[in-house]
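Tertiary structure, described
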Amino acid sequence: MKNAILAMGLFLVSLSNIVAQTTLKGKVTDDKGAPLAGANVVLDNKNGVTTNFDGYFYFENLSTGEYSISVSYIGYETQASQVSLSNASSTFNFTLVPSAEQLQEVEIIGRLEQGYKNTNSFVATKSATKLVDVPQSVSYVTKEVILDQAAYTVNEVVKNVSGVNQFSFYNDLTIRGFRVQGQQNSSILINGSRMMTSFWRQQLIPHIERVEVIKGPASALFGNSSPGGTINSVTKKPLYEQKQSISTSMGSFNTFRLLADFTGPMTPNKKLLYRLNVGYENSDGFRDLQFSKNLVIAPSFSFIPSDKTSLNFDIVFQDSKGRLDRGQAVFGDGDLFSTPITTSLSAINDYLNEQNLNVTISFQHKFTDELSFNSTYLNSAYDEDLREHRTANAFWALGDGTEDITRVAMRTFERKRSWNNQNISNYINYDLDLGEVKNKLLVGYDYFQQELGPGGSQLEAAAYLLKNGTATNSFNLVNIDNYVLDDDGNPVANVKPFDLTSPNGNAMRDMSNYVFSVSNYTPYKQVNHGAYLQNQFSYKKFDLLLGLRYDTFYDYLNYNTTDEEKVKQDALIPRVGAVYKATPNINVYGTWVKGYQPQTATTINNPEAGGPFDPLNSELFEVGAKSEWFNKRLSATVAFYDLTQKGALYNANDSGNSDRLEQIGEEKSRGVEIDVYGKLASNWSVILNYAYNDAFFTTADEGTLAIFGDQKPNAPRNTFNVWSKYVINEGSFSGLGFGLGYDYVSERNGSIVRNPELIPVFPSYGLVNAAIYYNVDKFQIQLNANNIFDKTHWVGGYDFLRAFPGKPRNIMATVSYTF
């Protein structure tokens, strides 16, 4: 009997234990209701699981009682709460919202935000910071703007940024009156690292998430940079959700484009993600003989084993074929309308073939919620293969010392060069609270290396034949006996001049009888070490940013030869910024920063440029205000700045050496900028920007061509742009949208020339652009019309032999399908 009672007691105890076990389950979604696979769900800080492909999580065999539960996911606010589990199975669902504070310090995952407004910046402080809290003007163009305006290059979208305009129609821009251009080792970034780009070809953007412009010197974070600003292109990164889109466009100038964008998870647990962007363009362009065949292939892979560790592998390959367009030449009297804007000086057997490859690896590990390590490596390679017929920067000379203003002196280049850039950036972010003062500490080290590869060389056929069997690009009447003359006493051409009155000027050129000379681009290497320290202090309504960077530059001249020479320069670069949160939606800021840029033979990339030159020094003072309106749908920034630069290089207009440069004493730029981005309503998007920029020479070194008070080349005093898109979202016309914009640029001076009377003034212009959209199911049909009233205009230029006209009226029809 006693044994039976004991057995019954043991059974009841066992049964009570079974009954006390329970199950907890639930689902984790984002703020749009999409499931978040791979989210971490932790009970009592020790028992954890991850959500499955559909966002669900399960805990089994749990004891009843109280638990603390925490749900986290990279890029989102962590949620924590208390749950009470009874004998029955319990279900708790969680909705996570994006968080600027929890965003990755290097971008691994694609941008969650959609629309014309961008809220956060990584590149401005090398930490995830809201743009309203950055004590410096940072403007941007998102992929949504790029798509709505049917843009394909950076030059086509910079009109949406205040203070930025084209210097020429190359990869060549002006920011606050200061030049930023390709084939340099500064101021043009991809994902925050310095890439090597073409100078001749505008940057392609079918694979770009957004284009960012950091106004003023960015030397405190990135080393040598242009005083006007830095352009950073952020590539499209993988997304957790499966998305595919394909679009095709056809339009003016026999333009055809094909774009594809595919992204999503590669594994069921969404720890491995991919994105593939492909872009192809074939366009004749509006100018004689100018065409573009561009191919972009940009795969990106992200591996996220946990919410603490993430890795991204990003590749961008570009192949471009076309001809080098040196601009429009007009008759010698300087009338810009005296020749058609379609006139180019190219020969049909000219070519420009370029390839660019950027490979980026980005890594982030969070040791704690406060401490993270970030590392980025970029290998950037660029190859140039060129043949061109171009001006000798003068009209054809006659034997009596006059010029034939209907014929342009010509020369020919054949050139091959290859560059390679390597960037390594390592930095630690540490968030630390000291009493009421919050600190965001940044400590980093950058390594940059640029090499010009062996074999870089150029064949040049100059304009005029000399009796000694060589050729030259200038005619000097005093030395007329040195030239080969025809029966009329005029110099004999080595390269036949271009006749502006002839319909056959672009015909194939017979180069077999040209007299060539050889110029070698001696291999070089430049190395840059940069160590920097920055802290962002926050106390109540005040933020203070203090930064200091020490850079060391090493130039290896005559690299890998017995004459190799190592030249060292160094610079200490400070940065100070402050933000005051005046109201819940208005921040007032101020900043002071210095800039530094070496100007050695390795950075100029041209053995004929002359030198040695002193480094470029700059200094910026800026104050402004940033605000957000309409429930943070719309952002607005106003900035006042004073920017000084010393030691810039300009063409010396040397008739004997058209590539020679000279240094100008001091330049200053003062102005105000306004930028507005976002939505006035859920279906009404808008961009508005205005800039007043007074950019002028304050002092000029003795013997230079600059004149005190002159407005700097291709620096308009006033620019204005507005673009608005409205979509009907209900009723019979639901899905129909309209876009309308206006782009104004005031008159600009051309480049400095020896005779101030010959400096061209490019007239002001205003262009009206429009678009119509129709969305039906997964299709969108889009028609863009630019320069509707066919305004003849020039986006920039050097002189009357190298003016750069803008596109006449053009249209582009696009059909897109998303699936």
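Summary of the structure given here. Keep in mind it's a predicted model, so treat the numbers as computed, not measured.

Taken as a whole and assessed by the stated rule, the structure comprises 27 aromatic pairs. Pairing Phe-262 with Phe-819 gives two aromatic rings, centres 6.4 Å apart and planes at 70 degrees, and the pair type is edge-to-face. Residue Phe-262 is found in strand E20 (residues 255-265), and its partner Phe-819 is found in the segment after strand E51 (810-818); the two are separated by 557 residues along the sequence. Relative accessible area serves as the criterion here: at 38%, Phe-819 is assigned to the partly exposed category. Every member of this aromatic cluster is reached through a ring pair, and the members are Phe-167, Phe-169, Tyr-170, Phe-199, Trp-200, Tyr-798 and Phe-804. Directly above the aromatic system of Phe-167 lies the positively charged group of Arg-179, at a separation of 4.0 Å from the ring centroid. Taking the ring centre of Tyr-521 as reference, the NZ or CZ of Arg-417 above it sits at 4.7 Å.

This paragraph deals with the nonpolar core. With 37 residues, the main nonpolar core has Ile-205 and Ile-231 as its most contacted residues. Elements that contribute at least two residues to this core include exactly strand E11 (138-142), helix H2 (143-148), helix H3 (154-157), strand E13 (172-175), strand E15 (188-190), strand E17 (208-215), strand E22 (292-303) and strand E47 (765-776). Dropping the residues within four chain positions of it, Ile-205 is found in contact with Ile-146, Tyr-152, Thr-153, Val-154, Val-157 and Val-211. Membership of the second largest hydrophobic core comes to 21 residues, among which are Leu-24, Val-28, Leu-43 and Leu-62.

It is worth spelling out the side chain of Ser-380 at this point. Tracing the backbone shows Ser-380 in strand E25 (residues 371-397). With relative accessibility at 0%, the residue Ser-380 sits in the buried group. Within the local environment of Ser-380, its side chain forms a polar contact with the backbone nitrogen of Met-196, the two atoms lying 2.8 Å apart. When near neighbours in sequence (up to four residues on either side) are disregarded, Ser-380 contacts Met-195, Met-196, Asn-356, Leu-357, Asn-358, Trp-419, Asn-420 and Asn-421.

Proximity of charged atoms lets side chains of opposite charge pair with each other. Evaluated as defined, the whole model comprises 35 salt bridges. As a salt-bridge pair, Lys-236 and Asp-261 come within 3.8 Å of each other at their nearest N and O atoms. Of this pair, Lys-236 sits in the loop between strand E18 (229-235) and strand E19 (243-251) while Asp-261 sits in strand E20, and the two are 25 residues apart along the sequence. For Asp-319, the salt bridge goes to Lys-321, with nearest N and O atoms at 2.8 Å. Exposure remark for Asp-319: the relative accessible area of 14% places this residue in the buried category. Taken together, the salt bridges that share partners define one network made up of Lys-126, Asp-446, Arg-549 and Asp-551.

How each quantity is defined
Within every chain, residues take consecutive numbers counted from 1 along the sequence as written. Only residues with pLDDT of 70 or above have their local features reported here, since the model is predicted, and side-chain atom pairs are shown and tallied only from 80 upward, although totals for entire chains, interfaces and linings are computed over all residues. Here the side-chain values reflect all heavy atoms present in the structure, with hydrogen atoms and water set aside. Any two of the Phe, Tyr and Trp rings considered here, Trp counted by its six-membered ring, make a pair once their centres fall within 6.5 Å; the pair's planes then place it as stacked at under 30 degrees, edge-to-face at over 60, or tilted in between. We count a stretch as a helix when DSSP gives it H or I for four or more residues in a row; a strand needs E for two or more, and each element gets its number in order from the N terminus. We call a residue buried when its accessible area falls under 20% of the maximum for its residue type, exposed when it is over 50%, and partly exposed in between, using a 1.4 Å probe and counting protein chains only. We call a charge positioned above a ring when the Lys NZ or Arg CZ atom is no farther than 6 Å from the ring centre and deviates by at most 35 degrees from the ring normal. Throughout, nonpolar core names a set of buried Ala, Val, Leu, Ile, Met, Phe, Trp, Tyr and Cys residues whose side chains join them through atoms within 4.5 Å. Contacts are assigned to residue pairs that have any heavy atoms within 4.5 Å of one another. The definition of a polar contact used here is a pair of N or O atoms within 3.5 Å, where within protein one atom must be able to donate a hydrogen and the other to accept one, and adjacent residues in sequence count solely through side-chain atom pairs. Whenever Lys or Arg places a side-chain nitrogen within 4 Å of a carboxyl oxygen from Asp or Glu, that contact is recorded as a salt bridge.

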